[in-house]
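Summary of the model geometry
Chain by chain, the residues run as shown.
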Amino acid sequence: MTQEPTPPSGAPARGCWQVALLSAPFAVYTYAEPPHLPGGAWVPGLRVLVPVGASTRLGVLVARQDEPSRDMPADVRLRDLLWPVEAEPLLGPDYMALAATLATRQMEPVGRVLENLLPHGLRALRIGFRVFDPRFPARLGAAALAAMAAREPEALAALAGLWAEGRMRVCAERRHEKEQEYCTVTQDPPWPVRPAARRQLEVLEYLWEAGAVPRPRLREALGEGAAPALNRLVASGLVRIGPAPEFHEPEACAPGPDETPGGAAPELTAEQRDALDELTRALGRPGGQTRLVHGVTGSGKTLLYLRLAERALEAGRAVLLLAPEVALACALHRAATAHFPGREVRLHHGYQSPARRERTFAEVAAARGPQVVVGTRSALFLPLRDLGLIVLDEEHDSSFKQEERLPYQAKVVAHFLAARAGALLVLGSATPDVKTFHAAAQGAVGKVVLPTRVGGRALPPVELVDLRAHPPAEGPFAAVTARALRATVAAGDQAVILLNRRGYAPVMYCLDCGRTARCAQCDVGLTYHKARERLVCHYCGAAEPFPKVCACGSSNWLPMGEGTENLAETLEHLVPGAGVLRLDRDSTRRPGRMEEILADFAAGRAQVLVGTQMLSKGHHFPGVTLVTVVEGDMGLSVPDYRAAERMFQLMVQVAGRAGRGDKPGQVLIQTRNPEHYCWRHVQASDYEGFFAQELELRRKYGYPPFTKLALLRMNFPVDYEPGTAAVMELARTLPPLGLRGGVRVLGPAPSPLGLLRGRKRFQCLLKAQDWPAVRTLYAEARRHLAAHPKIRTSLDQDPVNML
């Protein structure tokens, strides 16, 4: 609420509006409808300019009130709304309801939630107005409007007439031309730059980590002295300056199976037809519906989604198709584009340029009639009208959970949207999330099953290689694994090799003093990246040159362990001439590089593809007959109740890459713990058996789905001395408060990763039977820590990452 002196008696009463500010302090203030614009010009979801103190801010209309709140002092007068930013509201009622729900769930102001959901250009105060009348300047900015409102209120009435006639229009203020110039590395390391050219290497390293960045941001990060080095790199062709690349992050579009626009649609199998009929019936039912599509790898779930999308579009309703990663979203977008020739199929994800994301958001808001949108989790926040179908493919994937900034689970958001719109939510996976499958088993969610592969192809047999009995003989490979790999290559077939750890060596050990190279800002070891000649922290991104001198004065380092970079080097010698490609975050940083790698492998220009979990799902390579997992135990010992579930899902998904063509496949998993219950179910591809055993363990120890689980996270600068004492004081006060509210509190205790980016980290595990009890306790924790503004807190409900 903003205040002004009491108006003269007899002043006409006007309606008032609650406005959520899109910038700090993100509060909801109350404003009066201005006299220069009629009440009908103001609608919930409309972006508006409002005065705050001496400044002008951008906000969103939340709700109208016929009169001010009774809590308002009698001598306070509301300030007027200044001006609308659009003729039609950008955000509809469902969108505003979603923002309000997220605000309640995360205990944050609605304005902060909207600030996280809207593209930057749609929440930034870079707004002007083009006026087509000689009485006014041709362009009016927000500041000019505010000044006019203060000194020339009668001029606003004239402008209101021009606004109604369409002779005053919103236009984005032009940005400085150099802000549109992006710097991009054009070549993978090692770079042909002299070691003494430190500034050039600094620029290359920064761009390699950050991706394509505007030239002004590069100058801000590295200083004016970087300009000559940048110019030399451009002249040598190592850096390109130009428009933002369409994809400038690792997960560029990946090629998938051939789709021919306008070609004959594949015939559905009997299982697919039955599934489509069941889902179509659910699509036509009133109220929001949810269905789990449990189909083995290669069972044709994508075609099923597209046929179902046809039915939704025929009913005049919008379709939203989501994939967990950009590469999979691009392949799904290409399939949808081929399936719907002549119809625009929009693609949306967080790695597109800001301008494109803003354009897509505005186009979706303005569109009328049924639309098709494909994307990653952020596409959920496009203002689609009349949603009829939402699909989350690979619904079990942890990428559907966002943990930074505004934490949310895409499945929860999708369920809310489906319920509001009366839409069908389809959750598809070969290895569903345990909680999703439990909901289906309890009858809360309907289930559709696709138990066989299209074409009757058999699932590949899975063999465990016990590394205790068959220790690594050739690099990290046991002899039996190396033989199978050579035989596959000799037969002219292809192999996929999974090692879920990037870099060359995860540990660098000093042979003289026994220390390991560690990050100065994080309590983790540095990973050696050979091509870059750098030691890199995979958490904060800090890097330092290698070779380096240890604290003991020695330079006698021993690389320990393997990463994908090391493994690719080993394979070049193990199967010479076969062609080895590497797919991980490091090898795919350049724009378009992922496309090149996957296209080369799909075309048979290489027989071996090695990489991290990026290659485990969604890719269709008919030539692959062998899948090898180098370290199957990696991840099973992580302090996370989902560890076995994630390993089972990853192994089943990567095994599904084998035998998708005419030849049968084979899967070899190297392990030092073949007795673990996970492996028995992986070998049998027995999801239901794994689910039953995992469910009993969770019931016994009180984990989801039998309880609500949350992490209260706290962190503060490492040099903030009162921080630890404040957290320990909370450890004494929080458990009794939780007990009274029905919340079990475990901690606070140091996080498994106790120091990241120069900040100490602590966490509490909270268990309860309902979310309101958890949020109430979180509010108490924040109140207890309010005297320590340097301690940041967050509440992660249903956490995916326990570290």
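Conventions used here
Residues numbered from 1 in each chain as written. Predicted model: local features only at pLDDT ≥ 70, side-chain atom pairs only at ≥ 80, totals over all residues. Heavy atoms only, no water. Helix = DSSP H or I, 4+ residues; strand = E, 2+ residues; numbered from the N terminus. Rg over C-alpha atoms; globule rule 2.2 N^0.38 Å. Buried < 20%, exposed > 50% of the residue type's maximum accessible area, 1.4 Å probe, protein only. Contact = heavy atoms within 4.5 Å. pLDDT = per-residue confidence, 0-100. Pairing = 2+ DSSP bridges. Axes fitted to C-alpha atoms, helices over the stretch in contact; angles between N-to-C directions. Disulfide = S-S within 2.5 Å. Patch = residues over 30% accessible without salt bridge, like charges linked within 9 Å, V, L, I, M, F, W, Y side chains within 5 Å. Areas by Shrake-Rupley, 256 points an atom, 1.4 Å probe, with all protein chains shown as cover. Salt bridge = Lys/Arg side-chain N within 4 Å of Asp/Glu carboxyl O.

**Thoughts on the overall build of the chain**
Helix and strand counts for the chain stand at 22 helices and 39 strands. For the chain, whose C-alpha radius of gyration is 29 Å, the value lies close to the compact-globule estimate of 28 Å for 803 residues. On the principal axes, the C-alpha backbone points of the chain span a range of 95 × 70 × 60 Å. Evaluated residue by residue, the chain yields a buried proportion of 53% over its 803 residues. Considering only intrachain contacts with a sequence separation of at least 6, the fraction spanning at least 24 residues in the chain is 74%.

**Points about the confidence of the model for the chain**
Here the chain averages 87 in pLDDT, and 93% of its residues register 70 or above. Looking at the elements of the chain, mean pLDDT is at its lowest for strand S1 (residues 3-4), recorded as 41, and at its highest for strand S15 (residues 318-322), recorded as 97. Long-range and interchain partners of residues 1-12, a stretch whose pLDDT sits below 50, account for 27 contacts in this model, where long-range means more than four residues apart. Overall, residues 248-263 carries pLDDT values under 50, and its contacts beyond four positions in sequence, including any with other chains, amount to 48 contacts.

**A look at the pairing of strand S18 (residues 387-393)**
Burial analysis of S18 places seven of its seven residues in the buried class, the great majority of the element. When S15 meets S18, the two strands line up parallel, connected through five bridges. Bridged to Ala 318 within S18 is Leu 387. Bridge count between S18 and strand S21 (residues 424-429): five bridges; the pairing is parallel. Considered in S21, the bridge of Leu 392 is made with Leu 427.

**Section: the sheet that holds strand S32 (residues 580-583)**
Strands sit in the order S23-S35-S34-S26-S33-S32 across an open sheet of six strands; the sheet is parallel. Looking along the sheet, the strands with just one partner apiece sit at the ends: strand S23 (462-466) and S32. If you compare each strand with its neighbour and ignore which way they point, the axes differ by 20° on average. Relative to strand S35 (residues 666-671), strand S34 (residues 624-629) is paired through four bridges, and the arrangement is parallel. Each bridged residue has a counterpart across the sheet, and for Val 629 the counterpart in S35 is Ile 669.

**Details of the state of the cysteines**
Two cysteines whose sulfur atoms are joined by a covalent bond form what is called a disulfide. Applying the stated rule across the entire model yields zero disulfides. Among the cysteines around Cys 552, which has no disulfide bond, Cys 510 carries the closest sulfur, lying 3.7 Å off.

**Comments concerning the sheet that holds strand S13 (residues 239-242)**
Ordered by their spatial adjacency, three strands build an open sheet running S12-S11-S13, and the pairing between neighbours is antiparallel. Looking at the sheet topology across the chains shown, the edges are occupied by strand S12 (213-214) and S13. As paired strands, strand S11 (residues 182-185) and S13 are joined by four bridges and run antiparallel to one another. Looking at S13, one finds that Thr 184 is bridged to Arg 240.

**So, a nonpolar patch on the surface**
Together, Val 507, Leu 511, Leu 558 and Met 560 make up an exposed nonpolar region whose accessible area comes to about 300 Å². The topology assignment puts Val 507 in strand S27 (residues 507-510).

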